[in-house]
Amino acid sequence: MQRKIIHCDADCFFAAIEMRDNIALQGIPLAVGGDPSRRGVIATCNYEARAFGVRSAMASAYAKKLCPQLRIVPHSMEKYRIAAQQMRAIFEDYTHLVEPLSLDEAFLDVSSTRLCRGSATLIAEEIRRRVSAEIGITVSIGISSNKFLAKIASDWKKPDGLTVIEPSQVSAFMPNLPVSSIPGVGRKTLAKLNNIGIHYCSDINSNKKIELIQRFGKFGQRLSELAEGRDDREVQPHRPRKSISVEKTLDQDIAHDKSEPVLSELYLRLCERISGLSKNGLSFTDSSSKETPIFSSIFLKITFNDFSKTTVETSDQSHSLSAYRQLLDVGWKRYQKPIRLLGVGVRLSEAPGDIDIMSCQLDFFVDESVIGSH
Ligand code: TTP
Ligand code: MG
């Protein structure tokens, strides 16, 4: 049976909420983010600001250089959370197969929905009208026969767009798509693909498929499938959380031997987040030992003063401050420069309780994984 998958993504979500609530912020370049003088970072910006080249995750000070009249406001997370819940409630009116990807993004499988005469396009139009009327922001929607194509489609006419990719259009549409549009292809993977002559999906011919599988294994196989628009993944209503992490951009770059207080602070914040989430019903403990959290690994990331980044991960699950300290030493040795940002986190095992803690040994990864999910 042909599936009907919708991908819904709010337009400049945090900024849209701020504009909704303050008319003075409408029609001017606006960003939500941290203070430029305190080395803040842009979380997102409206489309007026994007015209100047301002982007998410950019240093606020740099964003101000690109667009001196940029207005930067602090985030109000509680409001975003409420809007995200309202959007979720609207989606649930059409199907229970809703898979949230982030606060403002979700997949819906409406294959079996009878509402709106079973038309995914009518459902999408209704969702767009309701989000605008009930929440006061716009969303862009993509519709297709699988998750990958639906997500590509939602990006097509952003902001405030609706795009359908029909099965009959896929073979004409996919070849011209740059491989950088494929989820999981980040900067490093893209460089590797470009190196072997792959820029567009059409470059992945049968010879290249073999090369991809040899070089990237399972991920290479998956890339070949996605490049042809094939994706069998189901919409999963309860997507398991993969990791919990906290990070901090420091007010000033610090030397490695001055990093202990920051590391301790981050470690405490991480412990608080884990215990906060477990109070909300997430279980992190092994059934045989109520005290032992079940993490598949712990990791630490560093951004250095020249913006080079590294992540160190170990399958040792002791999740102690000293374990993070060891990771920090390993990561720092790779570049040996002053530190700009530090982050610590745990990855959750897929099936809590299944892992054999005793058999896990210390296992440092070489560098930031190109295809790992963060
Ligand atoms: P996105 O959906 O990636 O971005 P967006 O909704 O702001 O813009 P678009 O119109 O392109 O969809 O992320 C949703 C929210 O998540 C965004 O409003 C702010 C937050 N966010 C960050 O805090 N940091 C980031 O680096 C990114 C990408 C998003
Ligand atoms: Mg969005």
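Bear in mind the structure is a predicted one, so any value in this text is a computation, not a measurement. (Residues numbered from 1 in each chain as written. Chains lettered and ligands numbered in written order. Predicted model: local features only at pLDDT ≥ 70, side-chain atom pairs only at ≥ 80, totals over all residues. Heavy atoms only, no water.)

Peer 1: Just to check I follow, could you spell out the overall build of the protein for this structure?
Peer 2: On a plain count of helices and strands, the protein comes out with twelve helices and twelve strands. The proportion of buried residues among the 374 residues of the protein is 42%. Sequence separation of 24 or more characterises 63% of the internal contacts of the protein that already satisfy a separation of 6 or more. As presented, the protein carries roughly 19,200 Å² of accessible surface, and 52% of it is formed by carbon and sulfur atoms. (Helix = DSSP H or I, 4+ residues; strand = E, 2+ residues; numbered from the N terminus. Buried < 20%, exposed > 50% of the residue type's maximum accessible area, 1.4 Å probe, protein only. Contact = heavy atoms within 4.5 Å. Areas by Shrake-Rupley, 256 points an atom, 1.4 Å probe, with all protein chains shown as cover.)

Peer 1: Got a minute to help me understand the coordination of the magnesium ion (ligand 2) in this structure?
Peer 2: The expected angle between donors at a tetrahedral four-coordinate metal is 109.5 degrees. At an octahedral six-coordinate metal it is 90 or 180 degrees. Distances from the magnesium ion (ligand 2) to its protein donors, Asp9 (OD), Ala10 (O) and Asp104 (OD), fall at 2.1 to 2.3 Å. Coordination at the magnesium ion (ligand 2) comes from six donor atoms whose angles at the metal span 85 to 177°, giving a geometry best classed as octahedral. (Donors = N, O, S within 2.8 Å, 3.2 Å for Na, K, Ca; no water. Tetrahedral: all angles 85-135°; square planar, octahedral: opposite > 155°, others 65-115°.)

Peer 1: Please explain the sheet that holds strand β4 (residues 71–73) as it appears in this structure.
Peer 2: The strands making up a sheet associate through backbone hydrogen bonding, with each pair oriented either parallel or antiparallel. Pairing in this open sheet of three strands is mixed, and the strands run β3-β2-β4 from one edge to the other. Because the sheet does not close on itself, it has two edges, and the strands there are β3 (42–45) and β4. Strand-to-strand twist across the sheet, computed as the mean angle between neighbouring axes with direction ignored, equals 30°. In this structure, strand β2 (residues 30–33) lies alongside β4, joined through three bridges in parallel fashion. Opposite Ala31, over in β4, you have Ile72 as the bridge partner. (Pairing = 2+ DSSP bridges. Axes fitted to C-alpha atoms, helices over the stretch in contact; angles between N-to-C directions.)

Peer 1: Would you mind going over the sheet that holds strand β8 (residues 162–164) with me for this structure?
Peer 2: The five strands lie next to each other as β5-β6-β1-β7-β8, forming an open sheet whose pairing is mixed. Only two strands of the sheet have a single neighbouring strand rather than two, namely β5 (98–102) and β8. Geometrically, the sheet is characterised by an average inter-axis angle of 15° between neighbouring strands, direction not taken into account. Along the sheet, helix α4 (residues 77–92) makes contact with β1 (5–10), β5, β6 (105–109) and β7 (139–144), crossing β5 at roughly 155°.

Peer 1: Explanation requested: the site of ligand 1 in the structure shown.
Peer 2: Taken together, 13 residues form the shell around ligand 1, and within it Cys12, Thr44, Tyr47, Arg50 and Asp104 come nearest. A total of 550 Å² of accessible area belongs to ligand 1 in isolation, and the protein chains cover 67% of it. For the shell around ligand 1, the secondary-structure elements that each account for two or more residues are β1, α1 (13–21), β3 and α2 (47–50). Of the residues contributing to the shell around ligand 1, the split by class is six nonpolar, two polar and five charged. (Near = heavy atom within 4 Å. Nonpolar A, V, L, I, M, F, W, Y, C, P; charged D, E, K, R; others polar.)

Peer 1: It is not clear to me how the nonpolar core should be interpreted in this structure. Could you clarify?
Peer 2: One recurring pattern in soluble globular proteins: nonpolar side chains tend to sit buried together. Judged by nonpolar contacts, the single largest core of 37 residues is most densely connected at Phe13, Met87, Ile127, Ile137 and Ile141. Elements with a minimum of two residues in this core: β1, α1, β2, α4, β6, α5 (120–135) and β7. Residues contacting Phe13, with those up to four places away along its chain left out, are Tyr80, Ala83, Ala84, Met87, Leu103, Asp104 and Ile137. In this structure, Leu270, Ile274, Ile302 and Val312 belong to the second largest nonpolar core, which totals 27 residues. (Core = buried A, V, L, I, M, F, W, Y, C linked by side-chain atoms within 4.5 Å.)

Peer 1: Before we go on, may I ask you to explain α4 in this structure?
Peer 2: For the α-helix, the turn length of 3.6 residues means that residues three or four positions removed from each other point alike. Helix length check: α4 (16 residues) gives 22 Å between terminal C-alpha atoms against 22 Å at 1.5 Å per residue, within 8%. Of the residues making up α4, those classed as buried are Tyr80, Ala83, Ala84, Met87, Ile90 and Phe91. The buried residues of α4 occupy an angular sector of 115° when projected down its axis, which confines them to one face. (Expected span 1.5 Å × (residues − 1). Arc of directions from axis to C-beta.)

Peer 1: How should I be thinking about the state of the cysteines in this particular structure?
Peer 2: Here, disulfide denotes a covalent bond that connects the sulfur atoms of two cysteines. A full pass over the atoms with the stated rule returns zero disulfides. Just so you know, Cys67 is unpaired, no disulfide at all, and the nearest cysteine sulfur is the one on Cys45, 8.9 Å from it. Cys67 sits in the buried class, given a relative accessible area of 0%. (Disulfide = S-S within 2.5 Å.)

Peer 1: Just to check I follow, could you spell out the pattern of salt bridges for this structure?
Peer 2: Side-chain pairs of opposite charge can arise whenever the charged atoms involved come near each other. Applying the stated rule across the entire model yields 24 salt bridges. Its salt-bridge partner being Asp11, residue Lys158 comes within 2.7 Å of it at the nearest N-O pair. In this pair, Lys158 sits in the loop between α6 (147–156) and β8 while Asp11 sits in the loop between β1 and α1, placing the two residues 147 residues apart along the sequence. The salt bridge partner of Lys248 is Glu265, with a shortest N-O separation of 3.6 Å. With Lys248 in strand β9 (residues 243–254) and Glu265 in helix α11 (residues 260–279), this pair connects stretches of sequence that are 17 residues apart. You can call Glu265 partly exposed: its relative accessible area is 32%. (Salt bridge = Lys/Arg side-chain N within 4 Å of Asp/Glu carboxyl O.)

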